[in-house]
Every structure is written in C-alpha cells, then in structure tokens.
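Spelled out from the first residue to the last, the chains are:
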Amino acid sequence: MVPAQQLLLSHREVLLDWLSVNPTPLLRWLADAGVLTPEQYRVLLQRSPANRVANVLEQVCKSQQSSRAFLQVLHSVQSYYCTQLQDWTLQHCPQTPPPSPPTPPSPRTGTGTARPKTGRTKSPLSKLFTRGKSKEYTIPKDEVDSPKPQVNLKTPVVKVSLSAHKNTVLHRTERLMCYSEGEGQDSSSQAHIDIRYTDLFVTEDDELSNEGHEYFKQASRQSPIYPHQTYRLIHPRDLLNPDPKTGSIPKRVKVKGIAGIGKSVAMQRLLYEWALGKHLQTFSCVFDLRFRELNLIDGPISLRELLSSRFLYLKNVLTHLFECATSLLFILDGLDEFRHRLDWTAEDRDLTVDSQISVSELLVALVKGNLLPQSSVILTTRPSTDAPKCFFQRWCVVLGFQEKHVEEYTMKFYKDPVAAKKVFSYMVKNDNLYALSFIPLYCYIICAALAEFFSTDSNDGQSLDLNPPRTVSEVYYYYLYTTIKHHALKDNTDASSPKPKILTLVKEQLMNLGRLAYNNLLRNRILFDKEDLEKFGLDLRGIRSTFLCQILVSVENEKEMEMFSFFHLTLQEYLAALFCVVSVSGHVEILTGLNYWCFGELQPPAKSPPLSVNPMPAGDHLEPYRVENLQMFTRFFAGLVRARLTRLLDGMVENDLAGDDEGMTLLSQLGDWFQSQFKKTELTNQTALNLLHCLMELHLSEVTSRVAPEIRSLCLFKMKLSVVDCAAIHYVLQFSTHSLEELNVGYSNIGNKGFSRLGPILHRCESLYLRYNCLGTDAAIKESAVLRSDDCQVKKLFMCGNKVGPEGAQALWAALEHNQTVEEIYLDITGITETGTENLVQCLSKNTALKNLTVVGNELGEAGWARLRELGRLRPDLRIIGHFVEDLELLEAYLGWVEEIQEDREQMDSVKNVDALQSVLKGLWLSEGTGENAVKAKELETKILQLLESSELSSLRAK
C-alpha cells in the first residue's frame, strides 16, 4: 500500500478540486480529532475555501502520522462530497475510523465539484453579529462526543436527498453574516460560526416565572439581567435531551426571549451542528421554517406542499420521511413575526399531511400534535406572543450573554485586542451600555458604535467631536454613522471627511429609508416587497443593502418572491425616528408628535397626525397596542431631538432648532409637556416608565430639572425593571431634592444590580416598596447604609419576599438602632433564621421611632421567638407581628394575593410563588388564632392548599 503521506502528495490536485467545494465538514472533524489544533482551525476558517483545503493538505503532509489521521477522517466524512471522492476513499483510505467518529449524512451523487442547489436564500436572522476576527477559538470538549445512531433510511433516492439537504443547511448556516457589510459578501470568512459564535445563557422558564412574567408581557425590549449563577444552563443542543429528573424526553419545546437576545442565532447553531453530524443525530431530517416567510402564504396549503416548496430537493422523498416521523424535527422560528392569528382553543380535527388548511391552522396542528404527533418541534418566540405552555413539555428562556460572554464577544469583535479591552472597560463603567450588552444584538451595535472611539489605528478621531456614547440613542447614532462611513459609502468618501459631508451624501437615501420605516411602523409591518421600496424612492443598490436584508421565499410553480426587512426591528424604529426628527420644523410639530406617539391622540390645535401618509391605520388616533409598540421609537425620537439640538445632524437639516431663541422655546415647551404628563392621575405604569426613558434619552438638564420636582410618587409595581430602567428612574429623580412620597418597584425583578443603580435616591423615599425583587444579602446591607444616612427620609420599608438572610437582617437591625425616621418595616418571608435575631433586642430596644415590625414566614427558631418576646417586653409600644394569625389586615392582604394568583395562570406556574405559598402555610401552622382571625387563617390555608394541589403546580412540584 502506498504510504499515506505519499498518497496525499501525489493526489493533491484532485483532492483539492473535490474538497474545495465544501471544506467545512472535513476541517471541523479534523479539529475534533486533534489533527488540527484550535489555532490552526481558526486560521484556516478565515481563508477562502480553496485556500483552506490547500493549507490543510500542506499541514497534514508534513508527517506520516498526520497524513494517516487525515485519511481516517476523510473516510468518515466522504459522504459530504462527490461520488468520485467516495470511490477514491474506498480505494485508498484506511477503514479504521478516527476517534469519536461522526455519523455522516447519506451519500450523495453527482460529479466533480457540484454543489446542491441552494438558490439565493439567505437567512436574515443569521447575520446579526459579524465583525473583525476572533482572537481564539477553542472547540468545547462536549462537542466531540460520539453522536447517537441515526435513523436509517436506506433507499438511494432518500440518501441522495438527505445529503443534499445537509449540505444546503451547512452552506447557509456556517457563517454569521454582518448586515452592515451588505449582501453577497463572500469575503466574510472571518465570520465563520465556529469563530464568531458566543455561547448564550438558556435556562428553564419555570425557574424564572415569578421574576419574568410581567416583564415578558409588558417590556419585550428590555434587558433581563438575572442572577444567572442560580439557574441551570441549557445548551441549545440539549433542548430535546431527557429531563434530568424524570428521564422523560420532550417532544415539544418552547424557547422564548426578547428581541435581539439570540434565539435565531441559537437555532442557526443548532442546525449547523446537526448538519455536521455533531448533535441531534437521532433526527434524520430537520426542517427549519421561519414565520416571517410563512407570512406570505395566504391560501390553504398542506404540510406536504409547504415542505415541498421550501425544500425542493426533498420533494420526492417526503413520503418516506413522514413514515419515519420520530426522526423528524421542526424548528419554527419567530412566532412573534407571524401576521396570522393562531387559534390555540380551536377544536382539534383529523388531519393528514395532505389536508388543505390555512397556514395558521397547520402550524397549530403541528405544535399540538394533530399532525405528525411523533415528530419533534422547537418553537421560538418573543415573550409577548401567546403560545400556551400546556402544549409543550419543556419551556426555556434565552437570557442572552453572561458577563464572561460579553467580554468574550467584545474580544472576538475587534481585530485589535487593545481596542477590545478599552471598549469592554468603557462598557463595564457605563451602566446603561453594560446592561444592554447582555443582549447580543445590542452588544454588536455597541461594539460597532464604539469602534472609532477606541481604535488604536483610527486616523480621524477628530471627526468624532463628542465623548463616547452614553445613551441608547447615541449608541445607535454612532452605529449608523460608522456603518455608513465604512460600508455604505466605501470608496465614495475618504476617512477624513467631516460628518456633515458624509451625512449630506446619504441624506436622500436615509430619508427614504426612514419614511419607509415610519409609515410601516405605524402599521406594524416589518416585511416589504419591491413595490414598497419603489413607492418610497428606494432602489436595490446603495445603502439600502446596508440596512435592509433580502428574503427569498418560494411560491407557486417553484418561483421565488423577493421580500425585504430591516435587519432588526430596533433599526426600523431608529430610522423612523430619524426621519421624523429631520422632518419636523419646530416645537409645535414635535409636541404634536409626542402626543400622538405616546398617547395615540391629537391635541388641539393639531388637525392631522404628524408626517402622516394616507390612509392612516386609525385616522386621528392610534389603538393602545400600536401606542405600546411605539415606545422604543419615542425614546429614539427624544434622543435624536438632542442630536439635532447639538448639531450632530448637520448635513441632514438646515437648522438645529436652536436658532432665534427656538431652542429655548423648545426646551421650555418640552419641560411643560413632560410636567403635564406626570400630573395626570391616569398615567399608566408602562407609560410613566417610557416617559422616564424619553427624558434620559433627551438628556437635557434644562428639561429634566423642571420635570423631576413634579414627580411626587412613582408606582412601577410588577413592571419587571432592568438595570437600564433603574438607570432611567435614577437619572430623572436625581434632579429633584424633595422627598418622594412613594417609590413602588415591588415584584419588579430589579436584583442587586438594579438596586445599586437606585441607591443614591432611595434615602428620599418615604414609602419604599422593594417586595419580591430577587434582592439578596448585599442589597440588605446596602439598604442598611441608606437607613444610616443623616438625610434618610424613609418611613415605611417593604422588603418582603427577598433573600435578606441572617446577615442582611443583622445589618438592618444595626442600622435601625439610631434611625429616627422608619416607622414600619416588613420582612415577611425573607429567610431570617435564629442567627439573624442575635442583635435584634440590643438594637431595636434603643430605637424610639419604629412602630411596626413584621417578620412572618421566617423560621426564627426557639431562640429567635424568645428574642422577639423579650423585645416586646422592652418596647411595649412596638407592634410585633411574628405570626400570620396575629393580624387580620395581614391575613386579608395575603388572601388577596392568593386570589390574584388563582386568576393569573402565569403566576400559578411560578416556582417562586409555590415556595412562598408553602412558607405561608408553615407560618399558619405555627400558631393558632381566635375569632375572626382564626376564620380568615383557615380560609387562607384552604385556598393555598387548593392552589398547591392544582394540576399545573403539582407537575412543577414533582420536578
């Protein structure tokens, strides 16, 4: 037999010809088998396909051992390549498989360098994060494990079709493309998914229900900063693995997460690993369907027709695949983008794969199991979209990056490690940006926006005449500017061109894009066809390709329809706001717009909506849901008003709104407008929060200092606030010096980070509601510092349902020793133990201001209860409530809470609520009441037991 090294050298040219078509499987398996080092693999991925193969052949031919290992891997992945290569490997390659061999896809036919026909389809959701080169790529150890045996579909025609499918999936998932570079960028080899992909934090949704439900309902664009270390990490590849406790294998999995959190990128990674033969190898075929493409189907359609049009090369083998339904996986991505209503309550019908039904009914049937019940389904959606949990066996939530992943992503983003470290350091020091960076989309935009501020080789730093961006609007402004300068214009301008010149060059196209964005934003439209683009003066060249992505969707007769969308909803919102800010001529139009966009109404003397086009979706008013959808747009609008006032939009506008005293008039008018809103008693919590964000984005002290004194109380109960929300609250309230009658952020999941952000203003809150906020001992210690401050004005402190613990309790007692303002403190169910009462008597017996102390639901032990009794003897004027039965008002309050849970099914699903209910039960059993208190206590006990015994809570408890 010819030695391996000599064999490769003598057949180098023909191997290069065969392998250059699709080098991905070969290179990845060589890396996993240890033939290539991680560094060698990373370097190879950044080269063209032909150069990748040429270089790997050069490397492995250096020794006989590496040549043999190469041939072993080649034998295992031969089925990804043409029949000539397969014949060659059978003749020349050793039969001994390499370590951890893959289960290769079925052989494919064809000759030479033929590639499966993929059309021009490009996933807009696979292009989110791409820029620069990675500094290091390490293949995770658990990704080289042997996959499970694949279902064997032996017929040759099925093998050929499945091989074509896997190669097509590989071709469109192996790169994370960058929208800012436009389409058709074959040079983006540094964007290979194995280089650029950064792990996401995915965990089981039921573990976060209490912290997340209201946030998921009302604030789908906010960043959820959770204490990640307390929750179990689930890799996307493990979504269909058996439950670690019950061993049951889920067939239906729901994955939810806010916009830009990385759901679609996670699905792309999943598809890529399956096509490589790495994971999910129990599935012979994976069908990925995007809801934004399914929007284009109007008439009745069968599942067979749908899959035939989407996967042309599988059309003739679908019958065989349907017969092996257990080996099929459907990935349904982006339910929130679906324009049709899904009726989950409709009566089930007997359906087959040939039943002609609406696409919405088809999808519901697939999820519920009326169609192909043995198949598996993964559904991704934003939290605001209803997809009942009862139809799924596993519920997961994507929380974005962990802190270490933010740094990892930043290092991958920049070629220059020095610049990367500077950017990450700046983000960490800026709460607004760092909180947003946990959302992958924002992390990408922040990195792009900060590039020129921190680049060590930038030669035009003087053109950036402001400090690095602080607000979201500023981040998007510099992202837009940098993208236009380096990608949209390319050779049309030099690097030293001033901003006004650059903005002048693109004004017309930006305004056309903005007009398209604004008018469709009012209609909740995110997909556009060529006629839409032409209507707004957009051609298919220029900066259009920088911000719009192309979607090719198969329609009847195997043709394709060309559709477009902005690469993310927030970009559509930003460009819409830019169009409006550039188009308004003065404060009257600005205030008219704010009234319309924030409240859906026109205030006299306005007679028509601002910058309107006919027909408007609702005439002179907007429906509440449309107003809610415009909240991010209004924040961008406020930030861009500041940009225009500070002349950042010079080149796009003729005046900055500040000439001839117009600027002062505008600031006065804006101050009056915001003042009047906070005086309204009917202002909703969500609207109040959005106005605070608008003020932070506007970032003009002349306006905020007039508004803040009007805010006497702020109730954001159950709003589920991120660190950015807490930053907005702090930003506005810092401009007021008077006390705040009430700050209610109960059930808001602010966590220790959000609490720290609010810290500087908490001493001015007379009634401070911090109930059920995932606060720990650190927050309790920081709150004790608030109570110690000389200017503390806190009278009522509600810390119920937080993990204060014994150390936190001791810190609070010590702070109260000399505090003269706090009259009531509530520490229900806060994890206080016997140790937490050691300094209770010493500290509180010296306090003369405290009138009410509530510590129900804590296991204080015998010594703890004795200390409470001793404190009661020393402070007879202090009302101490240690048991639920001791206070009728407290019992009624908890009864109201339980009744609220009964009516809210999502609260019923919450593990945290289960724990709290069980703590209340224990408290009720510790002592007996008399009279009306005993009756109420028994009623509360009965209702809690009913809740705990309900079917849904029982299933959670069983886990």
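Because the structure is predicted, anything quoted here is derived from the model rather than measured.

A.B. asks: Help me out: how do you make sense of the packing of helix α3 (residues 24–32) against helix α4 (residues 38–45) in this one?
C.D. replies: Helix-helix packing is characterised by the crossing angle of the two axes and by the distance between the axes. Where α3 contacts α4, the axes come no closer than 9 Å and their chain directions differ by 165°. The angle between the axes of α3 and α4 places the two elements in the roughly antiparallel class. Pair α3 / α4 crosses with left-handed handedness. Across the interface between the two elements, Leu27, Arg28 and Ala31 of α3 pack against Tyr41, Leu44 and Leu45 of α4. In terms of residue class, the contact of α3 with α4 is made up of 5 nonpolar, no polar and 1 charged.

A.B. asks: Would you mind going over the pairing of strand β4 (residues 328–333) with me for this structure?
C.D. replies: Consecutive side chains of a regular strand alternate in pointing toward one face of the sheet and then the other. Among the 6 residues that make up β4, 6 are buried, leaving the element largely enclosed by the rest of the structure. Across the two faces of β4 the burial is the same, with Leu328, Phe330 and Leu332 and Leu329, Ile331 and Asp333 all buried. Pairing between strand β3 (residues 285–290) and β4: 6 bridges, direction parallel. Looking across to β4, one finds that Leu289 is bridged to Leu332. Bridge analysis of β4 against strand β5 (residues 376–381) gives 4 bridges, and the strand direction is parallel. Across the sheet, the residue bridging to Ile331 is Ile378, located in β5. Handedness of the β-α-β unit built from β4, helix α15 (residues 359–368) and β5 comes out right-handed.

A.B. asks: Is there a simple way to explain the packing of helix α17 (residues 417–429) against helix α19 (residues 440–454) in this structure?
C.D. replies: Packing of α17 against α19 brings their axes to within 10 Å, and their N-to-C directions diverge by 115°. By crossing handedness, the relation of α17 to α19 is classed as right-handed. Here α17 contributes Ala419, Lys422, Val423, Tyr426 and Met427 to the contact with α19, which in turn contributes Ile446, Leu450 and Phe454.

A.B. asks: Would you explain the environment of Arg12 in this entry?
C.D. replies: Secondary-structure assignment places Arg12 in helix α2 (residues 12–19). Assessed through its relative accessible area of 30%, Arg12 is described here as partly exposed. For the pair Arg12 and Val53, spaced 41 residues apart in sequence, the C-alpha separation works out to 9.8 Å. When neighbours within four sequence positions are excluded, Arg12 is seen to be in contact with Ala54 and Leu57. A polar side-chain atom of Arg12 sits 2.8 Å from a polar atom in the side chain of Glu13.

A.B. asks: Help me out: how do you make sense of the pattern of salt bridges in this one?
C.D. replies: Side-chain pairs of opposite charge can arise where the charged atoms are in close proximity. This model, assessed by the stated rule, comprises 33 salt bridges. For Arg304, the salt bridge identified is with Asp354, shortest N-O distance 2.7 Å. Separated by 50 residues along the polypeptide, Arg304 in helix α13 (residues 303–310) and Asp354 in the loop between β4 and α15 bring together distant segments of the chain. Residue classification places Asp354 among the partly exposed positions, given a relative accessible area of 43%. Residue Arg470 is joined to Glu474 by a salt bridge in which the shortest nitrogen-to-oxygen separation is 3.5 Å. A residue is classified by how much of its surface remains accessible, and Arg470, at 34% relative accessible area, is partly exposed. Ionic contacts of the salt-bridge type, sharing partners, join the residues Arg28, Asp32, Asp194, Arg269, Glu273 and Lys278 into one network.

A.B. asks: Would you mind showing me how to read the sheet that holds strand β9 (residues 713–715) here?
C.D. replies: Paired through backbone hydrogen bonds, the strands of a sheet run either parallel or antiparallel to each other. Read from one edge of the open sheet, 7 strands run β9-β10-β11-β12-β13-β14-β15, paired in parallel fashion. Either end of the sheet is taken by a strand with one partner, and the two such strands are β9 and β15 (879–881). Adjacent strand axes in the sheet meet at a mean angle of 10° when their direction is disregarded. Sheet topology note: the strand β10 (residues 740–744)/strand β11 (residues 765–769) ladder contains 4 bridges and is parallel. Looking at β11, one finds that Leu743 is bridged to Leu768.

A.B. asks: Is there a simple way to think about the sheet that holds β4 in this case?
C.D. replies: Taken together, 6 strands build an open sheet; the order of strands is β1-β6-β2-β5-β4-β3 and the sheet is mixed. If you trace the sheet from one side to the other, it starts and ends with β1 (201–204) and β3, each paired once. The mean angle between the axes of side-by-side strands here comes to 20°, regardless of whether they run parallel or antiparallel.

A.B. asks: In this structure, what is going on with helix α34 (residues 805–816)? I would like to understand it.
C.D. replies: Three- or four-residue spacings in an α-helix give side chains the same orientation, since the helix completes a turn every 3.6 residues. Taking 1.5 Å as the rise per residue, α34 with 12 residues should run 16 Å; its terminal C-alpha atoms sit 17 Å apart, in good agreement. Among the residues of α34, Gly805, Gly808, Ala809, Ala811, Leu812, Trp813, Ala815 and Leu816 are the ones counted as buried. Looking at the buried residues of α34, the elements they touch are α33 (777–788), β13 (824–826), α35 (840–844) and β14 (852–854).

A.B. asks: Looking at this model, I keep getting lost on the side chain of Ser20. Mind explaining?
C.D. replies: Relative to the elements of secondary structure, Ser20 occurs in the loop between α2 and α3. Judged by relative accessible area, which is 16%, Ser20 ranks as buried. Within the structure, Ser20 has its side chain in polar contact with the backbone oxygen of Leu16 (distance 2.6 Å).

A.B. asks: Whenever I open this one, the nonpolar core confuses me. Can you help?
C.D. replies: For soluble globular proteins, the rule of thumb is that nonpolar side chains tend to be buried together. Membership of the largest hydrophobic core comes to 232 residues, with the highest contact counts inside it found for Phe70, Trp813 and Leu853. Top contributing element to this core by residue count: α19, with 12 residues. Every residue in contact with Trp813, bar those within four places of it in the chain, is listed here: Leu827, Ile832, Gly836, Thr837, Asn839, Leu840, Cys843, Leu844, Leu853 and Val855. Formed by 44 residues, the second largest nonpolar core is a distinct cluster that contains Leu162, Leu321, Leu372 and Ala387.

A.B. asks: When you look at the packing of aromatic side chains in this model, what are you seeing that I'm missing?
C.D. replies: Note on aromatic pairs: each is described by the distance of the centres and the angle between the planes. Throughout the structure, instances matching the rule amount to 35 aromatic pairs. Seen from their ring centres, Phe287 and Phe330 are 5.1 Å apart, and the 25° between their planes marks the pair as stacked. You can see Phe287 sitting in strand β3 and its partner Phe330 sitting in strand β4, a full 43 residues away along the chain. Here the two residues Phe287 and Phe330 agree in accessibility, since each one is buried. A centroid spacing of 4.4 Å and a plane angle of 5° characterise the contact between Phe798 and Tyr826, whose relative ring orientation is stacked.

Quick notes on the rules
- Residue numbers here run from 1 along each chain, matching the order of that chain's written sequence.
- Reporting in this predicted model follows two pLDDT cut-offs: at least 70 for local features of residues, and 80 or more for side-chain atom pairs to be given and counted; totals over whole chains, interfaces and linings ignore these cut-offs and use all residues.
- Only hydrogens and water are removed before side-chain values are computed, so all heavy atoms of the structure are retained for them.
- The angle between two axes is taken between their N-to-C directions and runs from 0 to 180 degrees, where each axis is a line fitted to C-alpha atoms and a helix contributes only its stretch in contact.
- Numbering of helices and strands runs from the N terminus; a helix is a DSSP stretch of H or I covering at least four residues, while a strand is a stretch of E covering at least two.
- Here the word oblique covers every angle except those under 35 degrees (roughly parallel), over 145 (roughly antiparallel) and from 65 to 115 (roughly perpendicular).
- The hand of a helix crossing depends on one turn: near helix anticlockwise from the far one by less than a right angle means left-handed, and clockwise means right-handed.
- By the convention used here, residues are in contact when the closest approach between their heavy atoms is within 4.5 Å.
- Under this grouping Gly is polar, as are all residues other than the nonpolar Ala, Val, Leu, Ile, Met, Phe, Trp, Tyr, Cys and Pro and the charged Asp, Glu, Lys and Arg.
- Only protein chains enter the accessibility calculation, which uses a 1.4 Å probe; a residue whose area is less than 20% of its type maximum is buried, one above 50% is exposed, and one in between is partly exposed.
- For two strands to count as paired, DSSP must find a minimum of two bridges between them.
- Convention used here: a crossover is right-handed provided that the path from the first strand, over the helix, to the second strand proceeds clockwise when the strands point away from the viewer.
- Identification of polar contacts relies on pairs of N or O atoms within 3.5 Å, with a donor-acceptor requirement for protein atoms, meaning one able to donate a hydrogen and the other able to accept it, and with residues adjacent in sequence counted only if both atoms are side-chain atoms.
- By definition here, a salt bridge exists when the distance from a side-chain nitrogen of Lys or Arg to a carboxyl oxygen of Asp or Glu is within 4 Å.
- An expected span of 1.5 Å times one less than the residue number is assigned to each helix.
- Nonpolar cores are built from buried Ala, Val, Leu, Ile, Met, Phe, Trp, Tyr and Cys residues. Side-chain atoms within 4.5 Å join them into one set.
- Centres within 6.5 Å are what make two rings of Phe, Tyr or Trp a pair, Trp counting through its six-membered ring; a difference in plane orientation under 30 degrees is then read as stacked, over 60 as edge-to-face, and the rest as tilted.

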